[in-house]
Amino acid sequence: MAGLADSGSNPDVDLLYDINGLAKAAPPWFDHVMEFVGEYGVLFGLLGMVLWCWWGVRKRGGPDAASSVAALVWAPLAAGVAVLVNVPIRGFVERPRPFNDHEGLEVLVDGKDDFSFVSDHATLCMALAVGLFLANRRFGLVALVLGLLGGFIRVYMGVHYPTDVVGGLALGTAVALLLSPLAMALLTPLTRAVERSPKAGWLVAARPQGQRRRVAERSRGRAAGTGPEERDLAA
């Protein structure tokens, strides 16, 4: 299965040389920027968008806060699951990195000695992007653009074939979408329980100080077996 793209007449290889040729024509400083963005920037940017969206959800609160936070929690979990699914795929296909089989590529990063198909970066980025899209359409659209950009940069860097990236985008999308109903069924009760917690509730919905105090008092009353009604009668 290693020879997915062994010929220079293969459209996959032709597109690889066309995109990677942009790196050869670009000034060195621009290639350094693309290297950083392709290795770290897109991924950290997507994680930052997930955190930004979470901060807005918890600050706004409301009856949908728990389900919204559950959807946001699923985004990084989906990325992790997708990468785990990719482990046996890479081992089965065993496709070498393009610079091992094709000469003249401008490789922007060293140390890539593992297999090429499917791209972990593309898988991670698209799973995060699709997960964020399921939680928030406005943030998600921006995230999807970033995910596609990240995949393009991996080919630009000379470390992946275009089909490696397409496979990663498809895998990340499939995991985030297909497992979302199960994930939401498991995560939403958990985030609702966290929301009711006097100490950890701020992770789901910010509350005014007085409201937090009343929640804590109700929790202590339940633990002692006396709710507000019982205390009023005792008085």
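Residues numbered from 1 in each chain as written. Predicted model: local features only at pLDDT ≥ 70, side-chain atom pairs only at ≥ 80, totals over all residues. Heavy atoms only, no water.

Draft legend 1. Seen up close, the packing of helix 5 (residues 120–135) against helix 6 (residues 137–156). Viewed as axis vectors pointing N to C, helix 5 and helix 6 meet at an angle of 170°, and their least axial separation amounts to 7 Å. Taken together, the axes of helix 5 and helix 6 lie roughly antiparallel to each other. The residues of helix 6 that touch helix 5, namely those facing H121, C125, M126, A129, V130, L132, F133, L134 and A135, are R137, F139, G140, L141, A143, L144, G147, L148 and R154. Residue classes in the contact of helix 5 with helix 6 are distributed as 13 nonpolar, three polar and two charged. (Axes fitted to C-alpha atoms, helices over the stretch in contact; angles between N-to-C directions. Helix = DSSP H or I, 4+ residues; strand = E, 2+ residues; numbered from the N terminus. Parallel < 35°, antiparallel > 145°, perpendicular 65-115°, else oblique. Contact = heavy atoms within 4.5 Å. Nonpolar A, V, L, I, M, F, W, Y, C, P; charged D, E, K, R; others polar.)

Draft legend 2. Representation of the packing of aromatic side chains. Considering all chains together, one arrives at six aromatic pairs under this definition. Consider the rings of Y40 and F44, whose centres lie 6.3 Å apart with planes at 25°: the pair is stacked. Taken together, the residues Y40 and F44, both in helix 2 (residues 28–60) and four residues apart, mark about one turn of the helix. Since its relative accessible area comes to 42%, Y40 is described here as partly exposed. Taken together, the ring pairs connect W29, F30 and Y156 into an aromatic cluster. Just above the ring of W54 sits the side chain of R58; from NZ or CZ to the centre is 5.9 Å. (Phe/Tyr/Trp six-rings, centres within 6.5 Å; stacked < 30°, edge-to-face > 60°. Buried < 20%, exposed > 50% of the residue type's maximum accessible area, 1.4 Å probe, protein only. Lys NZ or Arg CZ within 6 Å of the ring centre and 35° of its normal.)

Draft legend 3. Up close: the pattern of salt bridges. With the rule as written, the count across this model stands at seven salt bridges. In this structure, R154 engages E39 in a salt bridge whose closest nitrogen and oxygen atoms are separated by 2.6 Å. Separated by 115 residues along the polypeptide, R154 in helix 6 and E39 in helix 2 bring together distant segments of the chain. In terms of burial, R154 and E39 fall into one category: buried. Here D114 ties to R97 by a salt bridge, and the two come within 2.6 Å at their closest N and O atoms. Note that D114 is positioned in the loop between helix 4 (98–101) and helix 5 and R97 in the loop between helix 3 (65–93) and helix 4, a separation of 17 residues in sequence. Assessed through its relative accessible area of 3%, R97 is described here as buried. Shared partners join several salt bridges into a network, and the residues in it are R90, R97, D114 and D120. (Salt bridge = Lys/Arg side-chain N within 4 Å of Asp/Glu carboxyl O.)

Draft legend 4. Local environment of the packing of helix 2 against helix 5. Interhelical geometry of helix 2 versus helix 5 gives an angle of 20° and a closest axis separation of 10 Å. Classed by the angle they form, the pair helix 2 and helix 5 counts as roughly parallel. Crossing of helix 2 against helix 5: the hand is left-handed. Facing G38, E39, V42, L43, L46, L47, M49, V50 and C53 of helix 2, the residues of helix 5 in contact are H121, L124, C125, L128, A129 and L132. Along the lines of polarity and charge, the residues of the contact of helix 2 with helix 5 split into twelve nonpolar, two polar and one charged. (Left-handed = near helix turned anticlockwise from the far one by under 90°.)

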